Amino acid sequence: MKNLILNLLVLAGVYSVFTLKAQKLPTEQTVTVALPSAFKIDGFANEWDNKFQARSKNTDVNYTLANNGQSLYLVVQATDPIIIKKIIGGGITFTINTSGQRADTAPFSLTFPVVEDKFQLSIFSTVNELTIESNQQLKDSLINAANKKIAPLTKTIKAKGFKTITDTLLSIYNDTGIKSAALINTSGALTCEFLVPINLLGITPNSGKPIAYNVMLNGTTSIKSVNFGGVIVSTIPRSLSIKPSDTSISQYPTDFWGSYLIK
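Keep in mind it's a predicted model, so treat the numbers as computed, not measured. (Residues numbered from 1 in each chain as written. Predicted model: local features only at pLDDT ≥ 70, side-chain atom pairs only at ≥ 80, totals over all residues. Heavy atoms only, no water.)

> Can you explain the pairing of strand β5 (residues 108–112)? Please cite residues and give values.
In terms of burial, β5 is a largely internal element, 5 of the 5 residues being buried. Residue alternation in β5 divides its side chains into two sets, F108, L110 and F112 and S109 and T111, and both sets are buried. Examined bridge by bridge, strand β4 (residues 92–97) and β5 share 5 bridges and lie antiparallel to one another. Across the sheet, the residue bridging to I96 is F108, located in β5. Looking at chain direction, β5 and strand β6 (residues 156–160) are connected through 3 bridges and run antiparallel. The residue bridging T111 from the neighbouring strand is K158, located in β6. (Buried < 20%, exposed > 50% of the residue type's maximum accessible area, 1.4 Å probe, protein only. Helix = DSSP H or I, 4+ residues; strand = E, 2+ residues; numbered from the N terminus. Pairing = 2+ DSSP bridges.)

> Requested: an account of the nonpolar core, with residues and values cited.
Core analysis: the largest hydrophobic core is formed by 54 residues, its most contacted members being L72, I87, F94, F162, I178 and L190. It is helix α2 (residues 81–90) that contributes the most residues to this core, 5 residues altogether. Listed in part, the 11 residues of the second largest apolar core include A45, Y73, V75 and A181. (Core = buried A, V, L, I, M, F, W, Y, C linked by side-chain atoms within 4.5 Å.)

> With reference to specific residues and values, describe the packing of aromatic side chains.
Taken as a whole and assessed by the stated rule, the structure comprises 6 aromatic pairs. Ring geometry for F112 against F194: centres 6.4 Å apart, planes inclined by 85 degrees, an arrangement best described as edge-to-face. Of this pair, F112 sits in strand β5 while F194 sits in strand β9 (residues 190–197), and the two are 82 residues apart along the sequence. Neither F112 nor F194 differs from the other in exposure class; each is buried. Site record: aromatic cluster; members linked through ring pairs are Y63, Y213 and F256. (Phe/Tyr/Trp six-rings, centres within 6.5 Å; stacked < 30°, edge-to-face > 60°.)

> For the pattern of salt bridges, give the residues involved together with the corresponding values.
Per the stated rule, a full pass over the model turns up 2 salt bridges. The salt bridge involving K51 is made with D49; its shortest N-O contact spans 3.7 Å. Like D49, K51 is exposed. Between R55 and D60 there is a salt bridge whose closest N-O contact spans 2.3 Å. Assessed through its relative accessible area of 24%, D60 is described here as partly exposed. (Salt bridge = Lys/Arg side-chain N within 4 Å of Asp/Glu carboxyl O.)

> Break down the side chain of N214 for me, with residues and values.
Among the structural elements, N214 can be located in strand β10 (residues 211–217). Of note is the side chain of N214, whose polar atom sits 3.2 Å from the backbone oxygen of F256. If we skip the residues at most four places from it in the chain, N214 touches T93, F94, T95, D255, F256 and W257. (Polar contact = N/O pair within 3.5 Å; in protein donor to acceptor, adjacent residues only side chain to side chain. Contact = heavy atoms within 4.5 Å.)

> Account for the sheet that holds strand β7 (residues 169–171), naming residues and giving values.
Strand order in the open sheet made by the 6 strands is β7-β6-β5-β4-β10-β13, with antiparallel pairing throughout. Two strands lie at the open edges of the sheet, namely β7 and β13 (254–260), each paired on one side alone. Pairwise comparison of adjacent strand axes, ignoring direction, gives a mean angle of 20 degrees for this sheet. The pairing of β6 with β7 spans 3 bridges and is antiparallel. Within the sheet, the bridge partner assigned to T156 lies in β7 and is S171. Together, β4, β5, β10 and β13 form the strand contacts of α2, whose direction differs from that of β10 by roughly 100 degrees. (Axes fitted to C-alpha atoms, helices over the stretch in contact; angles between N-to-C directions.)

> Account for helix α4 (residues 136–153), with residues named and values stated.
The end-to-end C-alpha distance of α4 is 26 Å, a good match for the 26 Å that 18 residues give at a rise of 1.5 Å each. For α4, the full list of buried residues reads L142, I143, A146, N147 and I150. Looking straight down α4, one finds its buried side chains confined to an arc of 140 degrees; they lie on one side. Turned more than 90 degrees away from the buried face of α4, the exposed residues are Q137 and K148. Here the buried face of α4 lies against α2, α3 (117–132), β8 (179–184) and β9. (Expected span 1.5 Å × (residues − 1). Arc of directions from axis to C-beta.)

Below, the structure written as structure tokens:
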């Protein structure tokens, strides 16, 4: 009888583990999340233990939106290699509509990372190697190699709609309070972080009025279309993908909308 009970408990434990693993995130974040006091904009999601509030089916990324009364924060994480290359190739645009509506005459937006076409292919190649490598030691080495390429090439943020910011191309070391970072973690996932001071948005915390936000994966700029006598031919980098389905995913923009209340 004791053995039977023990076996049932073991089976119950195994079932619980698989149940937890099978749990899915909602497609949209519906709660206001507080930004941890010890947060860092460093391209990692360690503050969140790599756990997120929602997963967008449209873009195939996990994300969390948070604030601390002074800054609005977004973290996006991609685990699929083709989505990682899509982000490296075209960046993520984070749009904030303070009216709370999708149609807004004065949106704020940040685009990051911004990697020049000529540098994208080298990162794509390292991501490809990382994808097929099974030896953890070699995988760690490839992750370090990828981050050594990504870090110096992701030092620019595109900013639009901010009345007090005249330069639309900001260094990540700017003095406006806007920050972004992107790196690949030890699991091979790409994490991108955005931070924007709430005062730049003209928002009053605890106003009870939610903002509308949009997160768009813009699609890689490394695919070029050339007109040959009226026939449009696309040149696709080999390091991006040789699968037509992957090329389509990486080339075309995908996005999602949400609503968030700043407290």
